[in-house]
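Each chain, written out:
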Amino acid sequence: QVLLAESGGGLVQAGGSLKLSCAASGRTVSSTVVGWFRQAPGKERAFVAALSRGGGTTWYTDSVRGRFTISGDNAKNTVYLQMNSLKPEDTAVYYCAADPRRGYSSSEYNFWGQGTQVTVSS
């Protein structure tokens, strides 16, 4: 079993920054693909970013590319999502996920965290 715990969400003004953390236990993050997803009110869960097994490759959805950065720290067994230049449309509950059953951008991952709320005010 893999346990994931997100933290770092909060309320921020447009243009501000937040850094989310996803702490893992039961499996090293370097051994699996780890993704970040978000779900806004009334919308489906959507892909945000992912980090390849070993951490050598990153993927981003178009709307966050250049603003968000995904990274991993093997010593802490944690994956991060640095979010800069935040916009109101980034408001959502953010989830980390590990071990995709399909492609990295699919919502079909085997393990999910509990989510952390990010609210961006205008």
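Residues numbered from 1 in each chain as written. Predicted model: local features only at pLDDT ≥ 70, side-chain atom pairs only at ≥ 80, totals over all residues. Heavy atoms only, no water.

*Asks:* Would you take a moment to explain the sheet that holds strand E8 (residues 78-83) for this structure?
*Replies:* Sheets are built from strands paired through backbone hydrogen bonds, the pairs being either parallel or antiparallel. Spatial ordering of the open sheet is given by E1-E3-E8-E7, a layout of four strands whose pairing is antiparallel. In this open sheet, the two strands that pair with only one neighbour each are strand E1 (3-7) and strand E7 (68-73). Across the sheet, the mean angle separating the axes of adjacent strands is 15° when strand polarity is ignored. Summarising the sheet, E7 and E8 pair through six bridges and their orientation is antiparallel. When the bridges of E8 are listed, Thr 69 appears paired with Gln 82. (Pairing = 2+ DSSP bridges. Helix = DSSP H or I, 4+ residues; strand = E, 2+ residues; numbered from the N terminus. Axes fitted to C-alpha atoms, helices over the stretch in contact; angles between N-to-C directions.)

*Asks:* Explain the packing of aromatic side chains here, please?
*Replies:* The description of two aromatic rings rests on the distance between their centres and on the angle between their planes. Counted under the stated rule, the structure contains six aromatic pairs. Aromatic rings pair up to connect Phe 37, Phe 47, Trp 59, Tyr 104, Tyr 109 and Trp 112 into one cluster. Between the NZ or CZ atom of Lys 19 and the centre of the ring of Tyr 80, over which it lies, the distance is 4.6 Å. A cation over an aromatic ring shows up here: Arg 45 above the ring of Trp 112, its NZ or CZ 4.0 Å from the ring centre. (Phe/Tyr/Trp six-rings, centres within 6.5 Å; stacked < 30°, edge-to-face > 60°. Lys NZ or Arg CZ within 6 Å of the ring centre and 35° of its normal.)

*Asks:* Can you walk me through the nonpolar core in this structure?
*Replies:* When a protein is soluble and globular, its nonpolar side chains tend to lie buried together. Within the largest apolar cluster, 29 residues are counted, with the highest numbers of intra-cluster contacts made by Trp 36, Leu 81, Met 83 and Tyr 94. At the level of secondary structure, the elements contributing two or more residues to this core comprise strand E3 (18-25), strand E4 (34-39), strand E5 (46-51), E7, E8, strand E9 (92-100) and strand E11 (116-121). Tyr 94 has contacts with Glu 6, Leu 20, Trp 36, Phe 37, Arg 38, Val 48, Phe 68, Leu 81, Met 83, Gly 115, Thr 116 and Val 118, leaving out every residue within four places of it along the chain. Val 33, Phe 37, Phe 47 and Ala 97 belong to the second largest nonpolar core, which has six residues in total. (Core = buried A, V, L, I, M, F, W, Y, C linked by side-chain atoms within 4.5 Å. Buried < 20%, exposed > 50% of the residue type's maximum accessible area, 1.4 Å probe, protein only. Contact = heavy atoms within 4.5 Å.)

*Asks:* What's the story with the pairing of E3 in this structure? I'm lost.
*Replies:* Regular strands place their side chains on alternate faces of the sheet. Note: E1 against E3, five bridges, orientation antiparallel. Counterpart to Leu 3 in the pairing with E3 is Ser 25. By the bridge criterion, six bridges tie E3 to E8 in an arrangement that is antiparallel. Bridging from a neighbouring strand, Ala 23 pairs with Thr 78 of E8.

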